[in-house]
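Topology and contacts: notes
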Protein chains: 2
Amino acid sequence: MTETIHNPKFAAADLKRFVRELFECLNVQPNTAQLIAHTLVAASLRGVDSHGMQLIPFYASQLEEGRVDPKATGRVVSENGSILVYDGQNGLGQAVANICCLHTVRLAGRYGLGLAVARESNHFGAAAWWAQQISRAGFIGLVMCNASPAVAPWQGKEPRWGTNPICMAIPGGGREGEGWLLDMATTTVAMGKIYKAHLAGQPDIPSGWAMDANGLPTNSTADALSGLLAPLGGYKGSGLAMMVEMMCGVFSGGAMSTELGGLRIKDRPFRVSQFYLAIDPQRGIGREEFVARAKRFVEQVKSTPAAPGYDEVMVAGDPEWRAEAERLRSGVPVGAGLWKSLTELAERLKVVIPAEV
Amino acid sequence: MTETIHNPKFAAADLKRFVRELFECLNVQPNTAQLIAHTLVAASLRGVDSHGMQLIPFYASQLEEGRVDPKATGRVVSENGSILVYDGQNGLGQAVANICCLHTVRLAGRYGLGLAVARESNHFGAAAWWAQQISRAGFIGLVMCNASPAVAPWQGKEPRWGTNPICMAIPGGGREGEGWLLDMATTTVAMGKIYKAHLAGQPDIPSGWAMDANGLPTNSTADALSGLLAPLGGYKGSGLAMMVEMMCGVFSGGAMSTELGGLRIKDRPFRVSQFYLAIDPQRGIGREEFVARAKRFVEQVKSTPAAPGYDEVMVAGDPEWRAEAERLRSGVPVGAGLWKSLTELAERLKVVIPAEV
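This next bit is on the state of the cysteines. All names here are of chain A. Tallied over the entire structure, the rule returns zero disulfides over all chains. Free cysteine: Cys 167, not disulfide-bonded; nearest cysteine sulfur from Cys 145 at 9.5 Å. Owing to a relative accessible area of 0%, Cys 167 belongs among the buried residues under this scheme.

Topologically, Ser 257 of chain A is positioned in the loop between helix H8 (235-252) and strand E11 (272-279). In this structure, Ser 257 of chain A is in contact with Pro 149, Arg 160 and Glu 245 of chain A together with Phe 297 and Gln 300 of chain B, ignoring residues within four places of it in sequence.

All names here are of chain A. Overall, antiparallel pairing links the three strands, which are arranged E9-E8-E10 in an open sheet. Looking at the sheet topology across the chains shown, the edges are occupied by strand E9 (217-218) and strand E10 (228-229). In terms of strand pairing, strand E8 (residues 210-211) meets E9 through two bridges, oriented antiparallel. Across the sheet, the residue bridging to Ala 210 is Thr 218, located in E9.

Next up on the list: empty space enclosed by the protein. Applying the stated criterion across every chain, the model contains two cavities of 30 Å³ or more. Of the pockets and cavities examined, the largest cavity occupies roughly 130 Å³. Along its surface, the largest cavity is lined by 17 residues, and Leu 142, Met 144 and Met 243 of chain A together with Leu 142 and Met 243 of chain B are the ones closest to its centre. Contributions of two or more residues to the lining of the largest cavity are made by strand E5 (140-145), strand E6 (166-169), H8 and E11 of chain A together with strand E5 (140-145), helix H8 (235-252) and strand E11 (272-279) of chain B. By volume, the second largest cavity amounts to about 60 Å³. Taken together, Thr 39, Ala 42, Ala 43, Arg 46, Val 48, Ala 126, Ala 128, Trp 129, Gln 132 and Asp 183 of chain A form the lining of the second largest cavity.

Two elements in contact, H8 of chain A and helix H9 (residues 287-302) of chain B, have axes separated by 10 Å at closest approach and are oriented at 130°. By the angle between their directions, the pair H8 of chain A and H9 of chain B is classed as oblique. Our pair here, H8 of chain A against H9 of chain B, has a crossing hand that is right-handed. Across the interface between the two elements, Met 242, Glu 245, Met 246, Gly 249, Val 250 and Phe 251 of chain A from H8 of chain A touch Phe 290, Arg 293, Ala 294, Phe 297, Val 298 and Val 301 of chain B from H9 of chain B. Split into classes, the residues belonging to the contact of H8 of chain A with H9 of chain B amount to nine nonpolar, one polar and two charged.

Superposing chain A onto chain B takes a rotation of 180° plus a shift of 0.0 Å along the axis, which leaves an RMSD of 0.0 Å. This pairing of chains is accounted for by a two-fold axis. Closest to the rotation axis within chain A is the C-alpha of Gly 233 of chain A, separated from it by 2.8 Å. Interface overlap between copies is the fraction of interface residues in one copy that are interface residues in the other; for chain A against chain B it reaches 100%, indicating a shared surface.

Residue and element names in this part refer to chain B. Here helix H2 (residues 30-45) contains 16 residues, and its C-alpha end-to-end distance of 22 Å stays within 8% of the 22 Å for a straight helix at 1.5 Å per residue. Burial analysis of H2 places 12 of its 16 residues in the buried class, which makes it a mostly covered element. Looking only at H2, the buried set comprises Thr 32, Ala 33, Leu 35, Ile 36, Ala 37, Thr 39, Leu 40, Val 41, Ala 42, Ala 43, Ser 44 and Leu 45. In this fold, the buried residues of H2 make contact with helix H1 (12-24), helix H3 (56-64), helix H4 (93-111), helix H5 (127-136), helix H10 (318-330) and strand E12 (332-333).

Counting from both sides, the interface comprises 82 residues of chain A and, opposite them, 82 residues of chain B. In total, about 6800 Å² of surface goes out of reach between chain A and chain B, with carbon and sulfur atoms giving 71% of it. Looking at the side of chain A facing chain B, the largest losses of area belong to Gln 155, Lys 236 and Phe 297 of chain A, adding up to 11% of the total buried there. Between chain A and chain B we count two salt bridges in total. Between Glu 259 of chain A and Arg 296 of chain B there is a salt bridge; the shortest N-O distance is 2.9 Å. Run the count over chain A and chain B and you get 29 residue pairs in polar contact (both at pLDDT 80 or more). Per-element accounting of the side of chain A that touches chain B gives the leading share, 13 residues, to H8 of chain A. Looking at the side of chain A that touches chain B, its residues break down into 45 nonpolar, 24 polar and 13 charged.

Conventions used here
Residues numbered from 1 in each chain as written. Chains lettered and ligands numbered in written order. Predicted model: local features only at pLDDT ≥ 70, side-chain atom pairs only at ≥ 80, totals over all residues. Heavy atoms only, no water. Disulfide = S-S within 2.5 Å. Buried < 20%, exposed > 50% of the residue type's maximum accessible area, 1.4 Å probe, protein only. Helix = DSSP H or I, 4+ residues; strand = E, 2+ residues; numbered from the N terminus. Contact = heavy atoms within 4.5 Å. Pairing = 2+ DSSP bridges. 1 Å grid on protein atoms, 1.4 Å probe; cavity = no way out; pocket = protein on both sides within 12 Å on 5 of 7 lines; lining within 4 Å. Points joined across faces, edges and corners; volume = space filled by probe spheres on them. Axes fitted to C-alpha atoms, helices over the stretch in contact; angles between N-to-C directions. Parallel < 35°, antiparallel > 145°, perpendicular 65-115°, else oblique. Left-handed = near helix turned anticlockwise from the far one by under 90°. Nonpolar A, V, L, I, M, F, W, Y, C, P; charged D, E, K, R; others polar. Least-squares fit on C-alpha atoms with pLDDT ≥ 70 in both. Expected span 1.5 Å × (residues − 1). Buried area = accessible area lost by both parts, 1.4 Å probe. Salt bridge = Lys/Arg side-chain N within 4 Å of Asp/Glu carboxyl O. Polar contact = N/O pair within 3.5 Å; in protein donor to acceptor, adjacent residues only side chain to side chain.

Okay, structure coming up:
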């Protein structure tokens, strides 16, 4: 008899309530707990499990072990023209990101372009959530952050940077067929995907995802977990990751390269830096014109005949909008192993566990 | 008896004089001819042959066939806060880019951030030259452009965009060991590399570079020339190329996607769009501090122990600075086939051919 693993499903609203209460019980301010709940459940809804519910045990450990300040929301270091530097003071990433996005949008409203760069911040969930905060305000949002050292430079065998994602959101495009939303690590895959394979008990990962601890390519999930992520396309991924670090850790005056901690690094704070740029299309060809042209461009791309072996051409954001539509209907699945940790945490904190759908 | 192909070498200064005179004889204004000479010879010096002397026959055809206006330098469409939209009016790309970089730097000086986006422009040589114009003025320069449709979206089999490069230059870093300079196509390779293989008579190209006209991967140089370039790392390269197009053709109000012509497309203007962003580190943590931190970060990266099979870790810009040092010493090589076309052009235009070194 084979034992079947049961992955429970939940309504997004129930998960949001659950996550908010968990973090409130971890001494997080109610509005920040709400932000964390929104960002994590939004990512899980969009099928980006690596940046959704899966993060809760790590955030909880950081808080319980005192590696993050649950009350800090940071302070403005300087504002000079359209550029603002922010010190997150080791507050929760979502609290810092929310304030930085508000500043960025305010500055772009005044000057056409606005840039906020935060240092001494923490994990902020998926970058897409924050770029969308900017795009929902009518601006093009470009968000980048540095990350826990896990990637060796091209031809190197020790980590010097992290997944260093690049994310862009445009106004007017919030769902499939209307929009486009880029959120990509500059590695072949995000570390969360390898961790997800590990959680799911998959011994092997595809070629090109990772190197082992000696810098040699590996297909072993375990070796990858203790090894290095591969930069996207070799030296070009290395170049993009360094671009991100130049605009994050270097530009912010915060931690750079191996000075960063990480979600899974116990002995020091994360010290991540984040970059938020807003661009006002109204100061260019006009917002309506930009939105209409972006939609037309997306249509031009999606109309491309499919290559042999494929059914259709999708653009960045499409897989996530489809996952969201499906999970809004049938519930957000949570992996069995993850659910076990979350219920243990909830019991300890005396938070009511949501009912499955 | 095997015939040896002779690839002549020239001093950079002699090539600059030669290129300037060629373009002056093609009715280009002296200062623009000078700019073209500087950008193309600089690329050849840096070992980026695909964006150097190799472009001259294409530029010359465009001019002789009336596809580019040799006198036009464009006009400002709008300037609103820190954002400027420019209409290149089908002038030479170098003339348009030079003016846009001046505007970008002026705006960033005033506001901290400055953005100029040009439409209806032409090929401007290597993006690196223009990002360095911005970085030499003390700003971080980010330059992107759309390009002749030659790349199919991920899972597609018809071209919808071009090599769409991303380029960043930072102040204070102008040579190996001091700096970092990113200039990368969002394809696995630039079209110029396939063309270079063709010029060199190489029948095969590496895997992952290109697809044939039916969207199937190919190793044939000939099939690649009439086929499609592969996006870097599949869907991520597709996402980056669309980011570039969003900020170029879409944002500028110019030609998008298949509306663009190309250097090798005879029946219509190129209509390329270019994006120039300047960021002032003086408005952030201070320019000196930024420059010192960037240098330290580059040192951290270059100090990475090499992976098995490699000698050292290089960063973006290193191979080009090395090529430049070598070619300044021993001359700039020009391929035999290319040199034959150039001498024919020079004889027709009555331009004195430089002596070999």
